[in-house]
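The primary structure of each chain is shown beneath.
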Amino acid sequence: MPAQEPTNDAPIVAHIGLDWSKDHHDLCLLAADCCQRESLILEHRPEALQGWVQQLRARFPVGRVAIALEQSRGALFHCLMDYDFLVLYPVPPLSLASYRKTFHPSGAKSDPGDAELLLDLLLKHSDSLRPWLPEDPATRSLRLLVQHRRQLIGLRTRMTNQITELLKGYFPQALEWAGDLTTIQACEFLHRWPTLAKVKKAGPQSLRKFYQRHRCRHPELVEQRIQRVAQALPLTQDPAILLTSPLLVKSLASSLHALIPQITIVEHEIEKLFAAHPDHDLFSAVPGAGAVLAPRLLVAFGADRSRFESAQQVQEFSGIAPVLERSGQSLWVHQRFACSQFIKQTFHEFAASSIHFCGWARDFYDQQRAKGKKHHTAVRALAFKWIRILFRCWQNRTPYQETIYIQSLHQHNSPLIVTLCPSK
């Protein structure tokens with residue numbers, strides 16, 4: 001049956017705590033008309049999962065079934081989200097760990113025990129838990145794609161860093177002659193000439209043809225590189241290094257050669273989905289967002305305007321808002337670590353980018369630095385400010401306009417006006 005938003009008027013007829021693992025899942029169930037808890041071990045197979053859900057629907061043909069689990073995505077969550085009578089309550093792992101310590105200070109842990117604790121959380125603290133509601137397919141697809149792109153970029157970075165370290169150990173000249181390691185040109189250069197000896201044997205004509213095929217439009221640069229190849233001396237003559245390192249460089253270059261076009265494909269799909277999204281104009285107008293960060297800002301807020309009731313909720317959810325701890329006369333302010341690192345990184349990277357495209361953002365950052373704040377602290381403060389602005393634009397479905405915000409700064413006599421309009 002298709003996934004739909006659960007109807008709020010349908011009663012909850014059963015509560016379930018579900019502790020998942022790779023090969024099986026422990027469940028603890030309590031029906032609304034019963035006081036006896038039931039335990040079950042469910043095998044992690046599509047047939048077993050779907051068969052169990054069908055049995056659950058047959059047993060409770062009317063009403064909804066609430067399930068608390070330590071997932072907000074993944075194989076199990078993706079399976080359960082397809083059924084409209086299931087109300088899923090994702091519980092953060094840290095929350096469950098803290099709740100477990102309340103009853104087991106020794107640190108004792110078991111899967112059936114966690115299933116019971118999840119059931120307890122659901123029964124006693126459901127008002128503090130937020131049920132998962134499905135987003136529209138376009139927003140959900142865009143969310144997954146921008147996350148996948150970030151993972152692919154991270155993989156590419158790890159591979160280029162490893163290639164760089166290897167080349168520094170036996171063939172540092174290649175870092176200049178191959179070009180940017182994130183390009184097809186560099187991958188093919190390293191696969192063809194993984195050592196200085198091999199590139200020297202290639203000859204000037206082969207090198208010219210190689211650079212021409214890769215559209216190197218600077219003949220003087222090509223000739224300079226050819227000359228340096230002729231004059232180059234090896235960093236090491238160690239036969240062990242010259243045997244092993246080039247093999248790994250070729251292997252990494254081949255993998256990178258396959259990865260680079262896949263990143264481009266994902267980026268094109270993101271561009272297409274973002275262009276067709278109803279909130280495209282809203283986030284594409286934000287200065288400094290660009291083709292990469294604008295879709296990420298969109299999925300950070302989502303399409304459901306009831307998801308966040310205030311900008312503060314966005315600031316806390318994203319991890320940009322600091323954590324304030326008081327104990328007696330002590331006061332401690334620190335970063336928020338229990339949050340989505342991807343969303344936190346999105347706002348942090350966007351705020352840093354906006355400094356180069358927005359006058360008041362640059363001035364605000366400079367003021368924070370003048371107060372002695374470190375770079376990342378100043379960027380987080382700017383992100384905190386940007387979230388308030390973007391939240392209002394998001395709620396009103398109104399694209400950001402610099403002139404309107406500057407007028408607002410004037411009305412509130414903001415200190416930024418002194419630097420933006422020094423004559424006033």
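Residues numbered from 1 in each chain as written. Predicted model: local features only at pLDDT ≥ 70, side-chain atom pairs only at ≥ 80, totals over all residues. Heavy atoms only, no water.

**Student:** How would you explain the pattern of salt bridges if you had to name every residue and give the values?
**Tutor:** Using the criterion set out here, one finds 17 salt bridges in the structure. For the salt bridge of Arg 100 with Asp 114, the shortest nitrogen-to-oxygen distance reads 2.9 Å. Note that Arg 100 is positioned in helix H3 (residues 93-103) and Asp 114 in helix H4 (residues 111-124), a separation of 14 residues in sequence. For the pair shown, Arg 100 and Asp 114 are each scored as buried. The partner of Arg 296 in a salt bridge is Glu 349, with the nearest N and O atoms 3.2 Å apart. Here Arg 296, found in helix H13 (residues 290-301), pairs with Glu 349, found in helix H15 (residues 341-354); they are 53 residues apart in sequence, far enough to count as distant. A residue is classified by how much of its surface remains accessible, and Arg 296, at 2% relative accessible area, is buried. A residue is classified by how much of its surface remains accessible, and Glu 349, at 24% relative accessible area, is partly exposed. By sharing partners, the salt bridges in this structure join Arg 37, Glu 116 and Asp 120 into a single network. (Salt bridge = Lys/Arg side-chain N within 4 Å of Asp/Glu carboxyl O. Helix = DSSP H or I, 4+ residues; strand = E, 2+ residues; numbered from the N terminus. Buried < 20%, exposed > 50% of the residue type's maximum accessible area, 1.4 Å probe, protein only.)

**Student:** Lay out the confidence of the model for the protein with the relevant residues and their values.
**Tutor:** For the protein, the average pLDDT comes to 88, and 94% of its residues sit at 70 or higher. Predicted confidence for residues 1-6 stays below pLDDT 50, and this span has 17 contacts to residues more than four positions away or in other chains. (pLDDT = per-residue confidence, 0-100. Contact = heavy atoms within 4.5 Å.)

**Student:** Outline the side chain of Ser 245, listing residues and values.
**Tutor:** Within the secondary structure, Ser 245 sits in helix H11 (residues 239-276). Apart from the residues lying within four places of it in its own chain, the contact partners of Ser 245 are Leu 166 and Tyr 170.

**Student:** Run through the environment of Leu 69, naming residues and quoting values.
**Tutor:** Locating Leu 69 in the fold gives a position in strand S4 (residues 64-69). Distance in space between the C-alpha atoms of Leu 69 and Gly 359 is 46 Å, their sequence separation being 290 residues. Look past the residues within four positions of Leu 69 in its chain and what remains in contact with it is Leu 18, Leu 76, Phe 77, Leu 80, Leu 88, Tyr 89, Pro 90, Val 91 and Leu 118.

**Student:** Mind laying out the sheet that holds strand S3 (residues 38-43), listing which residues take part and the relevant values?
**Tutor:** In spatial order, the strands read S3-S2-S1-S4-S5; together these five strands make up an open sheet with mixed pairing. Only two strands of the sheet have a single neighbouring strand rather than two, namely S3 and strand S5 (86-90). Geometrically, the sheet is characterised by an average inter-axis angle of 25 degrees between neighbouring strands, direction not taken into account. By the bridge criterion, five bridges tie S4 to S5 in an arrangement that is parallel. (Pairing = 2+ DSSP bridges. Axes fitted to C-alpha atoms, helices over the stretch in contact; angles between N-to-C directions.)

**Student:** Quick rundown of the pairing of S3? Include the residues and the values.
**Tutor:** Two elements, strand S2 (residues 24-31) and S3, share six bridges in a ladder whose sense is antiparallel. What sits directly across from Cys 28, in S3, is Ser 39. Between S2 and S3, which pair antiparallel and follow one another directly, the connecting turn spans six residues.

**Student:** Please set out the nonpolar core residue by residue, giving values where relevant.
**Tutor:** Core analysis: the largest hydrophobic core is formed by 48 residues, its most contacted members being Phe 347, Trp 360 and Trp 386. Top contributing element to this core by residue count: helix H17 (residues 375-396), with 11 residues. The residues contacting Phe 347, other than those within four sequence positions of it, are Leu 297, Ala 300, Phe 301, Val 314, Ser 318, Ile 320, Ala 383 and Ile 387. Membership of the second largest hydrophobic core comes to 33 residues, among which are Leu 167, Leu 190, Val 199 and Ala 232. (Core = buried A, V, L, I, M, F, W, Y, C linked by side-chain atoms within 4.5 Å.)

**Student:** Provide a residue-level description of the packing of H3 against H4, including the pertinent values.
**Tutor:** Interhelical geometry of H3 versus H4 gives an angle of 100 degrees and a closest axis separation of 10 Å. One element, H3, and the other, H4, form an angle in the roughly perpendicular class. Between H3 and H4, the contacting residues are Leu 96, Tyr 99, Arg 100 and Phe 103 on the first element and Asp 114, Leu 117, Leu 118, Asp 120, Leu 121 and Lys 124 on the second. (Parallel < 35°, antiparallel > 145°, perpendicular 65-115°, else oblique.)

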